[in-house]
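One letter stands for each residue in the lines below.
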Amino acid sequence: MMPVRLQWVRLLSRCHLRRTCVPLTYIAPSQPVRHRTESKVVRSPFSDVQIPECLIDEFVWSDLERWPDKDALVCGVTNKKLTYHETRLACKRFAASLKKRGATTGQVLALLLPNVPEFALAALGAIEAGLVVTTINPVYTSFELAHQFKDSGAVGVVTIPELLPKVFEAQQLIAGPGVTPLYVISVNGKGPRPDGAWDFDEMLDPMVDTSVLKKFRSNSDVAFMPYSSGTTGLSKGVSLSHRNIVANITQTNHPDVNHFSETTANYQDVLPAILPFYHIYGLTMIFLRGLGCGCKLVTMPKLESDLFLNILKNYKATVLYVVPPIVLLLGQNKNVTPEHFQSLKHICNGAGPVKEADAEKVLARTQNKNVRFCQAYGMTESSPAVFVSRNSSMADYLTVGPPISNTMAKVVDPTDVTVEYGPGEIGEILVNGPQVMLGYHNNPDATADTLSPDGWLRTGDIGYYNERKEFFIVDRIKELIKVQGYQVPPAELEGILRTHPAVLDAAVIGVPDDRTGEAPLAYVVLDPDRPAASEADVKAFVAERVAPYKQISAGVQFVKSLPKSAAGKILRRVLKDEYEKVKGTK
C-alpha cells in the first residue's frame, strides 16, 4: 500500500474527494480533539432486505426443487460432478453418520481440506448435524494446527491422506492428561482407508439412516468459526452464527450489488472456486452463496495458472471472485487471451486493494466490453461483506462502494470513537449490521476491544467516504500483514522468533512487495551470550513452523535494540517509518 499522503494526492487528482472546505487531514493522536456534534453515521443507500429466520443448511437448500438436476459441484482436476440432488443427499447422509458416531450439538469439527467437492459435503453436513465448523488452511504446519485444534476445542477433523502426518503430529503436540484425541475422517478418493481414520465415503453410503436428524438448533447458534487475527494479536476464533451468514448472503443478493443471474432451465452461472473455502471470502461468497443461488461451482485444490485458465475457458466462467495476486496473473500471464473471458460478466476483487493500472490491464485483455471489474471490502468478523460497489458503476477501481443493505458505517477519530467525521475526512472505519460476528471464541477481552456493546465493529482500517456514501480505504492502523490476501499477525512470528536459542528479542513488520502485496520483515536482537545466528538460520527456523505465506520473505535485519513504549510494547510503527525513510533515500 502506498503511503497515505501519496494516496491522497492521487485521490484528489481524480476528484474523488469533495471540493469544499472540508479539511483533508489524517487525524493523528497529537491533533486537537474535536467535539462531537450531529451523528454522521452513513446508512446504506440500498433498501433493506428481509433476513430469513432459518439455518444455513435450510437456506442453501431452500430452492433445491428449482434446479435438482443442475451441476452443483465439479472438480476442476478430475471433472467429477455432483448434481444439486446428489449433493443434498450426500450432505444429509454425512450429517446422520456424524450423529450415529456420537457427535453432539455444539461440538466443533475442523475441516483441513483444499477446495474439493467433499469440502462442501463435510461443511454442510456438519452444520446440519448441529456442529460448529472451524476451517483450517491446508498449508499450516503441525504447530499451527495444534494451536487451532486446542483453541477451538475441536473434537474431530476432516482431511485428506496427504495431510494426515501433520494432523497426527499436531495431536502429539497437544496430547496430555485428560485430552481426548480428535477423531479423524479421511477423504480418500479411490484409495484405501488410512490407519486410525474413518472413511469419508463410507459415511455417505445410501444405506445411512437419516431419520436420526432432528431440528434442534437456533439461527443464533454459532455455525462457522474461521480464524482471524482481528486488528492485532494472535489468531482468534470468529464466532459466526447462522443468522450472520444468512444475512450476509441475503444482503449481497440485493439487485444493486448482486453479481449472479437467475438460474433457469436454460441458464446457470459458473463460478471458478479459486478462492479457498477455508477463508471467509471463498466460504461465504462462492461456496454458500453460490450453492444457495443454484450456481455451478468448479473447484480447484490450489492455484495453478494452467488449470485456472483452462477452467475459465472450458467451463465458460461467468462470475469471478479474485484477490490481488489473481488480478496480476490475469493481467501479466502471456497465456491469457480474450477467449478466457468470453462468458465473464463480473470480476470482483477483495481481501486487498489492487492498483488501477492492474485492473485496466485485465479489462484490456478481455476485449469484452460487458465485463465489469469492481472492488469490495469485508472482514472475517463481518461474515465478510460490508461494502460492495454498485452494479451501475462499471469501472471505478478506487472505491469499495457504499455499505450494503441493513448496514451502517461511520468514520471516527481512532483515539476517540465518539468523535465522528463527515465526507472527505479520514479516520478509522466502524461498521454495524446483522452480519457482524457474535464475538471471538473464549476471548472476551479481544471481543471488547473490537466490538462495542451496541454492535459497532472496529475495522482497524483508515479511510473516508464521499457524498455518494462510497468508501475508500487509504491505510490501516491494525498491525496485520496482508500477504496474498491472507492475514499474517506480527505477534505470531515474533513469538516464534523469540524461541530461537540465539534470539533475545524480535519485531516483525509488513513491507511492500510487488508480487504478494506485503511481505514480513524481521528485526532481530541476538543474545550476546549465545552463538550468533545468520539470516538464513533465522529464516529456516521460522519456515519449519509456519505456512509458506507467513515466512520471513522480506529478510532479517539484526539490530541492537527495538523501539518500545514505556509499557514495553514494541512500536512497530516506528520501525515502519524508519524502513520507509531508508527506502526513500535509495
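Remember, predicted model here, so these are calculated numbers, not experimental data. (Residues numbered from 1 in each chain as written. Predicted model: local features only at pLDDT ≥ 70, side-chain atom pairs only at ≥ 80, totals over all residues. Heavy atoms only, no water.)

So, the overall build of the protein
Quick note on the threshold: Helix and strand definitions here come from DSSP, where helices need a minimum of 4 consecutive H or I residues and strands a minimum of 2 consecutive E residues; each element is numbered from the N-terminal end. To get the radius of gyration, use the C-alpha atoms; to get the globule rule, take the number of residues to the power 0.38 and multiply by 2.2 Å. Between two residues, a contact is recorded if the distance between any of their heavy atoms is within 4.5 Å. Only the protein chains shown count as cover for residues, with accessible areas throughout obtained via the Shrake-Rupley method and a probe of 1.4 Å. None of His or the chain ends enter the tally, which takes Lys and Arg as positive and Asp and Glu as negative. Positions of charges follow a simple convention, taking NZ of Lys, CZ of Arg, CG of Asp or CD of Glu.
Across its full length, the protein carries 15 helices and 28 strands. Relative to the globule expectation of 25 Å for 586 residues, the C-alpha radius of gyration of the protein, 24 Å, shows essentially globular dimensions. Counting only C-alpha atoms and orienting by the principal axes, one finds that the protein spans roughly 70 × 60 × 50 Å. If you take every contact in the protein between residues at least 6 apart in sequence, the share linking residues at least 24 apart comes to 72%. Within the structure as shown, the protein displays about 24300 Å² of accessible surface, and the carbon and sulfur contribution to it stands at 53%. One way to put it: in the protein the 63 positive side-chain charges average out to a point 3 Å from where the 61 negative ones average out.

Structural notes on the sheet that holds strand β15 (residues 346-349)
Which entries qualify depends on this criterion: DSSP-based pairing: two strands are paired if at least 2 bridges between them are found. For helices, the fitted axis covers only the stretch in contact; all axes are lines through C-alpha atoms, and the angles between them, taken along N-to-C directions, range from 0 to 180 degrees.
Taking strand neighbours across the sheet as the criterion, the four strands line up as β14-β15-β16-β17 in an open arrangement whose pairing is mixed. Unpaired on one side and paired on the other, β14 (319-322) and β17 (385-388) mark the two borders of the sheet. Here the average twist between neighbouring strands, direction ignored, is 25 degrees. Sheet contacts for helix α8 (residues 280-292): β14 and β15; angle to β14, the most-contacted strand, approximately 165 degrees.

Some details on helix α3 (residues 84-100)
This is how it is decided: A helix is expected to span 1.5 Å multiplied by its residue count minus one. Only protein chains enter the calculation, and the probe is 1.4 Å; a residue is then buried if its accessible area is under 20% of its type maximum, exposed if over 50%, and partly exposed in between.
Taking 1.5 Å of rise per residue, 17 residues should cover 24 Å, and α3 covers 24 Å from first to last C-alpha, within 8% of that figure. Along α3, the positions that sit buried rather than exposed are Y84, T87, R88, A90, C91, R93, F94, A95, A96, S97 and L98. G102 lies just past α3 and shows a positive phi near 105 degrees.

Examining the environment of G196
Along the chain, G196 turns up in the loop between β7 (183-186) and β8 (198-199). Here G196 falls in the exposed class, since its relative accessible area comes to 64%. Taking the C-alpha atoms as reference points, G196 and Y183, separated by 13 residues in sequence, lie 8.4 Å from one another. Leave out the neighbours within four places in its chain, and G196 touches F168 and V184.

What about the layout of surface pockets?
Operational definition: Site definitions follow a grid-based scheme: protein atoms alone, a 1 Å grid, a 1.4 Å probe that fits but cannot get out for cavities, and for pockets an open set with protein on both sides within 12 Å along at least five of seven lines, plus lining residues having an atom within 4 Å of a point. Grid points are joined across faces, edges and corners, and a volume is the space filled by probe spheres set on the points.
Of the voids in this model, the second largest pocket is the one considered here, and its volume is about 1300 Å³. If you list the elements that add at least two residues to the lining of the second largest pocket, you get α4 (117-128), α8 and α10 (324-332). Counting residues per element, the lining of the second largest pocket draws most heavily on α10, at five residues.

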